[in-house]
Amino acid sequence: MQHHAWFSESRFGMFVHWGLYSLAARHEWVKNRERLTDEDYQRYFDHFDPDLYDPAEWARLAKDAGMRYVVVTTKHHEGFCLWDSAYTDYKATRTPCGKDLIAPLVEAVRAEGLKVGFYHSLIDWHHPEFPVDSLHPQRDDEAYKSAAAGRDISKYADYLHAQVRELLTGYGRIDYLFFDFSYKEGGDWGGKGADDWRADELLATVRELQPSIIVNDRLGIPGDFVTPEQYQPAGPMTVDGREVPWEACQTLNGSWGYDRDNLDYKSPDLLVRMLVDSVAKGGSLLLNVGPDGRGQIDPRARRTLGDIGAWMRLNSRSVYGCGPSAFTAPPDCRYTQRGDRLYLHVFAWPFGHLHLPGLAGRVKYAQFLHDASEIRTRVIDPGQKAGLTTMGAPAPDALTLDLPVQRPDVAVPVIELFL
């Protein structure tokens, strides 16, 4: 399995879901959910004019949040293309916007020193040769289905391959590719998978055009990393019993596209804990924003990214290039480790002390990461009995940290242990 150093070093990226659904502003699957026809959906194409789009600002937001790569939807399931594809008129350059939106974003992301990623939908609810299936907006329309009976998936696959080739030859070096998604198995009738996409051939083309790229696992064949979505795995991700690189993709409010009335926002400290939890289990976090119809990342998302960035500015040493530790963290904590630096992330602030099993005699210095202030450590005599005001001995090999009563004013306090 190919794996590239920058990916495990970065640990934190920005996902961007942007398309015609941003105008509907009620979830990126609105066409499916509301069974909209192409005619219904055309109003969004006719009015797509993101006059406030500022890709340099998007890239700056990502950089300031501590993100190291940006992944943008070149095309989502609706079939609308954000770049000037030679293979369709269903693209940004034919809307009132009139511009290729991918080129300036790629340039802006690179200018901030970040890696460039594309998301590309394997599904296409607009293409005339994409066969109607259980996820298609017209799945319940019998007249539409009989009219579509002769659709040829291999012609659609030709289109898919041509567009991927276009994206991987027209924009310089692309570091990352996220295909979405295969659904051959399960209860989906007409579900599609690796054979339909000609996945082996497609992946070979991708690797030939961009030899250093990393590709996800949603083509229906193995990729370079696996992609848990909208949940945090209980531990490291494995394939056939072997640990593999992984990345959790997560939203700010449960929707990927701009969703005006969805106010189910996660707090910045929860998102920081999710990032730390991912790294502690050998993974990364790809955190999504859904820009609106004028091309802005909304104020709430900007504030949240700013709060995460404030934590990262002080604590990113416990994230970048870190991974799991062999030591067992105490309750309500997570360890990350890089070389001889062990990072203790304290999710719930305890009173007075933390006991770290297995670390007696293993730590030469301990400090808060956010301000480099010393944390005193001691090893309690294993024979010590609990008395009126005397703490009984913890596990015999435990190192005890003496903590201030006041929890530090950061989203998640981090203690740096020099082994």
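Residues numbered from 1 in each chain as written. Predicted model: local features only at pLDDT ≥ 70, side-chain atom pairs only at ≥ 80, totals over all residues. Heavy atoms only, no water.

### Here's the deal with the overall build of the protein
Right, on to step 1. Within the protein one finds twelve helices and 16 strands.
Right, on to step 2. Across its three principal axes, the protein shows a C-alpha extent of roughly 85 × 45 × 40 Å.
Right, on to step 3. Counting across all 419 residues of the protein, residues that qualify as buried make up 56%.
Right, on to step 4. Of the contacts made within the protein by residues no fewer than 6 positions apart, 70% connect residues no fewer than 24 positions apart.
Right, on to step 5. Carbon and sulfur atoms make up 49% of the accessible area of the protein, which totals about 17,400 Å².
Right, on to step 6. Positive and negative side-chain charges of the protein, numbering 46 and 59 respectively, have mean locations separated by a distance of 5 Å. (Helix = DSSP H or I, 4+ residues; strand = E, 2+ residues; numbered from the N terminus. Buried < 20%, exposed > 50% of the residue type's maximum accessible area, 1.4 Å probe, protein only. Contact = heavy atoms within 4.5 Å. Areas by Shrake-Rupley, 256 points an atom, 1.4 Å probe, with all protein chains shown as cover. Lys, Arg positive; Asp, Glu negative; His and termini not counted. Charge placed at Lys NZ, Arg CZ, Asp CG, Glu CD.)

### Re the pattern of salt bridges
Right, on to step 1. Applying the stated criterion to the full structure yields 25 salt bridges.
Right, on to step 2. Between Glu 201 and Arg 198 there is a salt bridge, and its shortest N-O distance comes to 3.0 Å.
Right, on to step 3. Residue Arg 198 is classed as partly exposed on the basis of its relative accessible area, which comes to 26%.
Right, on to step 4. Of the charged contacts, one joins Asp 224 and Arg 207 as a salt bridge, the two residues approaching to 3.0 Å between their closest N and O atoms. Residue Asp 224 is located in the loop between strand E5 (214-215) and strand E6 (238-239), and its partner Arg 207 is located in helix H10 (residues 199-209); the two are separated by 17 residues in the primary sequence.
Right, on to step 5. Residue class for Asp 224 comes out buried when judged on its relative accessible area of 2%.
Right, on to step 6. Judged by relative accessible area, Arg 207 falls into the partly exposed class, the value being 24%.
Right, on to step 7. Each of Asp 158, Arg 198 and Glu 201 takes part in one network of salt bridges that share partners. (Salt bridge = Lys/Arg side-chain N within 4 Å of Asp/Glu carboxyl O.)

### Here we look at H10
Right, on to step 1. Within the sequence span of H10, burial applies to Ala 199, Leu 202, Leu 203, Thr 205, Val 206 and Leu 209. For H10, the buried positions fall inside an angular range of 155° around the axis, keeping them on one side. Turned more than 90 degrees off the buried face of H10, the exposed positions are Asp 200 and Glu 208.
Right, on to step 2. Where H10 is buried, its residues meet helix H8 (153-170), strand E4 (176-180), helix H9 (194-197) and E5. (Arc of directions from axis to C-beta.)

### Describing the nonpolar core
Right, on to step 1. In terms of nonpolar packing, the biggest core is built from 96 residues, with Met 14, Phe 118, Phe 179, Leu 219 and Trp 311 touching the most fellow members.
Right, on to step 2. Among the elements that line this core, the one with the most residues is H8, at seven residues.
Right, on to step 3. Setting aside residues no more than four positions away along its own chain, Phe 179 makes contact with His 120, Leu 122, Val 164, Leu 202, Val 206, Val 215, Asn 216, Arg 218 and Leu 219.
Right, on to step 4. Ranked by size, the runner-up nonpolar core spans 19 residues in total, among them Cys 333, Val 346, Leu 356 and Leu 399. (Core = buried A, V, L, I, M, F, W, Y, C linked by side-chain atoms within 4.5 Å.)

### Let's talk about the sheet that holds strand E14 (residues 376-378)
Right, on to step 1. The strand order across the open sheet formed by three strands is E12-E15-E14, and the pairing between neighbours is antiparallel. Two strands lie at the open edges of the sheet, namely strand E12 (353-356) and E14, each paired on one side alone. When strand polarity is set aside, the average angle formed by the axes of neighbouring strands in this sheet is 25°.
Right, on to step 2. One ladder, built from four bridges, connects E12 with strand E15 (residues 399-402); its direction is antiparallel. (Pairing = 2+ DSSP bridges. Axes fitted to C-alpha atoms, helices over the stretch in contact; angles between N-to-C directions.)

### Some thoughts on the environment of Gly 383
Right, on to step 1. Within the element layout of this structure, Gly 383 appears in the loop between E14 and E15.
Right, on to step 2. Considering only alpha carbons, one finds Gly 383 and Asp 40, 343 residues apart in sequence, at a separation of 76 Å.

### Some details on the pairing of E4
Right, on to step 1. Of all five residues in E4, five are buried, a share of seventy percent or more.
Right, on to step 2. Here five bridges tie strand E3 (residues 115-121) to E4, and the two strands are oriented parallel to one another. Bridging across to E4, His 120 finds its partner in Phe 179.
Right, on to step 3. In this structure, E4 lies alongside E5, joined through two bridges in parallel fashion. The residue bridging Leu 177 from the neighbouring strand is Val 215, located in E5.

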